[in-house]
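Chains, contacts and geometry: an overview
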Amino acid sequence: MDLTSTEEEEDFRRRLRAWLGEVLPKLPARPDPLDWPGRRAYDLGWQRMLHDAGYAGLHWPRDAGGQGATPAQHLIFLEETELAGAPYVGANFVGLLHAGPTIAAEGTPEQRRRWLPPVLRGEEVWCQGFSEPEAGSDLASLRTRAIRDGDDYVVTGAKIWTSHAEVADWCELLVRTDPDAPPHRGISWLAMPMDAPGITVRPLRTLAGSAEFAEVFLDEVRVPVGNRVGAENDGWRVTMVTLSFERGTAFVGEVVACRRVLRRVARAAKANGTWDDPVLRRRLGRLHAEFTALWRLTQWNVSEAGHALARGGSGVPGVGASVFKLRYSHARQELYDAAAAVLGPGALDADEEWTADRLSSLSYTIAAGTSQIQRNIVAERVLGLPKGR
C-alpha cells in the first residue's frame, strides 16, 4: 500500500476542506443528545448536504448510487471530516455503514434501487435486529422465527440492543427460516419495515443515560419474501458480510476522533502538572503508538476492500477487520482510563459528550462481536489454529 498522496488526492483534500469550511459554520445547533427524533432530523439533514455536494456514499460503487471514489479519497474524507468536527453518521449509522454496504454487495438490482438511494439522500434510517435475549455473542442460536406464508414471511420473536429502533424506517433483521437445520444454516437476512403491524419498540436506557437501543417485540409481523437479501437459509453468510463492514470500516472515523482526544489529554496533562509523571508520559506515548498503528491498519483494511471492489470483488473487508476490532476496543478503553487519570476528580465534571464517550467505551469489547469472539476468529482464520471443541 502506497501512503504517498498524489496531486489529484491532495486536490480532493483541498476542495473538501474548503467545502467543510464553508458549510460547517452554517449548521444549526446540535439537538439534545437524548432527543432522538431531533437527532434523526439533524443527522439526515447533514446526510442530505453530503449528498447534494457529491460526498454521500463516496466509496460505494457507482451502480449502488455511490461516487466510486478510490480508497485514498475515502480515507481523506474520513480524516478531514473528523478533524473538522463535522457531524458523524449518527442515527443512520446502520444504514450507511452496515445495511447499505451489505445490500450493495449482496442485494439484487431491484433491492439496490429501492433501499440505497434513500439512505444516501438522508431520507430513511435503518436499525439492526440481530441480538436476542438468549442470543448475543452466540448469534447463531437466535430463535426469532419466520414462517413462509405465500409471498410473505410471518415473523415472531424478540430482539434486543436494536440500535435506533425508535426512529428507524427499516430493520436489518435476522430470522430462523429452518428450525431443523444446523444453527448457522437455517438463518435468513430480511429488510423489515418498522411500521409493519405487530412491531412493539421498548427503548432501553444505557449507562450514559441515552436510549439509542431498544427491545423490539415481533408478533406475527408480515415481511415480503422479496425483502430477503440473499437466498433463504443463507443469512449467516450474508450476516458475516454485514459484520465485516461493521468491524472493518464502521469505526474508521472513531480512530481519528480518539487520536484527537489523546492530544486533548496530553494538553490537559501539561496544563495541570501530571505530565511530569514519567509513568503517565509512557502511558500516553504507548497510546499514541497504538492509535497510529490502528490508523495504519485502518488504511490497509479500507485499501484492501477498495482494491478488491475495483477488481470486481464485493469490497467486503477481510479478516483484518477482526484484528482491528479486537485491538481498537481495548485501546479505546485504555484511552479513557488514561484520561480519567489525568483529569482526576475533574473527569466527573467534564462536559457531557466527554462523559458519555468514556462510559460508552466500556461497551466496545462487547459491541460488534465480543473480544472473545474476535480472538477466536483471529486464531482460526489468521493464525490457522484448530477450532476449539
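Report follows, based on the coordinates. (Residues numbered from 1 in each chain as written. Predicted model: local features only at pLDDT ≥ 70, side-chain atom pairs only at ≥ 80, totals over all residues. Heavy atoms only, no water.)

A closer look at unusual backbone geometry
We note that Trp 161 has phi near 60°; this positive angle belongs to a residue other than glycine. Structurally, Trp 161 is set in the loop between strand 3 (152–159) and strand 4 (170–176). Positive phi values are uncommon outside glycine, yet His 164 reaches one of about 60°. Among the structural elements, His 164 can be located in the loop between strand 3 and strand 4. Overall, His 164 belongs to the buried group, its relative accessible area being 4%. (Helix = DSSP H or I, 4+ residues; strand = E, 2+ residues; numbered from the N terminus. Buried < 20%, exposed > 50% of the residue type's maximum accessible area, 1.4 Å probe, protein only.)

Quick word on helix 4 (residues 93–106)
With 14 residues, helix 4 should reach 20 Å at 1.5 Å per residue; the first-to-last C-alpha distance of 19 Å fits that figure. With 11 of 14 residues buried, helix 4 is to be regarded as a mostly interior element. What helix 4 keeps buried is the set Val 94, Gly 95, Leu 96, Leu 97, His 98, Ala 99, Gly 100, Pro 101, Thr 102, Ile 103 and Ala 104. (Expected span 1.5 Å × (residues − 1).)

A word on the pattern of salt bridges
Counting across every chain of the model gives 26 salt bridges. The partner of Glu 123 in a salt bridge is Arg 121, with the nearest N and O atoms 2.8 Å apart. Residue Glu 123 is classed as partly exposed on the basis of its relative accessible area of 37%. Note that Glu 334 is salt-bridged to Arg 286, the shortest N-O span being 3.3 Å. (Salt bridge = Lys/Arg side-chain N within 4 Å of Asp/Glu carboxyl O.)

Notes on the pairing of strand 7 (residues 213–224)
Strand direction decides the pairing type here: strand 3 and strand 7, joined by 7 bridges, are antiparallel. Opposite Gly 157, over in strand 7, you have Leu 218 as the bridge partner. With 6 bridges joining them, strand 6 (residues 199–204) and strand 7 adopt antiparallel strand pairing. Each bridged residue has a counterpart across the sheet, and for Thr 200 the counterpart in strand 7 is Phe 217. (Pairing = 2+ DSSP bridges.)

Points about the packing of aromatic side chains
Pairs of aromatic rings are described using the distance from one ring centre to the other and the angle between the two planes. One pass over the structure, following the stated rule, counts 8 aromatic pairs. Centroid distance Phe 12 to Tyr 55: 6.2 Å. Interplanar angle 70°. Geometry classified as edge-to-face. Placement of Phe 12 in helix 1 (residues 7–23) and of Tyr 55 in the loop between helix 2 (36–53) and helix 3 (71–83) is noted, with a sequence separation of 43 residues between them. With respect to burial, Phe 12 and Tyr 55 carry one shared label: buried. (Phe/Tyr/Trp six-rings, centres within 6.5 Å; stacked < 30°, edge-to-face > 60°.)

Focus on the environment of Val 167
Here Val 167 is to be found in the loop between strand 3 and strand 4. Overall, the relative accessible area of 10% leaves Val 167 in the buried class. Taking the C-alpha atoms as reference, Val 167 lies 9.8 Å from Ala 41; in sequence the two are 126 residues apart. Each residue touching Val 167, except ones within four places of it in the same chain, is listed here: Trp 36, Pro 37, Arg 40 and Val 125. (Contact = heavy atoms within 4.5 Å.)

A few points about the nonpolar core
Residues Trp 19, Trp 46, Tyr 55, Phe 77, Trp 126 and Trp 189 are the most contacted members of the largest nonpolar core, which totals 45 residues. Contributions of two or more residues to this core are made by helix 1, helix 2, helix 3, helix 4, helix 5 (109–121), strand 4, strand 5 (187–193) and helix 6 (235–248). If one sorts the elements of this core by residue count, helix 4 sits on top with 6 residues. (Core = buried A, V, L, I, M, F, W, Y, C linked by side-chain atoms within 4.5 Å.)

What about the packing of helix 4 against helix 5?
Between helix 4 and helix 5, whose axes approach to 10 Å, the crossing angle comes to 155°. Our classification of the angle between helix 4 and helix 5 gives roughly antiparallel. Both helix 4 and helix 5 take part in a crossing whose hand is left-handed. From helix 4, Gly 95, Leu 96, Gly 100, Ile 103, Ala 104 and Ala 105 reach across to helix 5, where they touch Gln 111, Arg 112, Trp 115, Leu 116, Val 119 and Leu 120. (Axes fitted to C-alpha atoms, helices over the stretch in contact; angles between N-to-C directions. Parallel < 35°, antiparallel > 145°, perpendicular 65-115°, else oblique. Left-handed = near helix turned anticlockwise from the far one by under 90°.)

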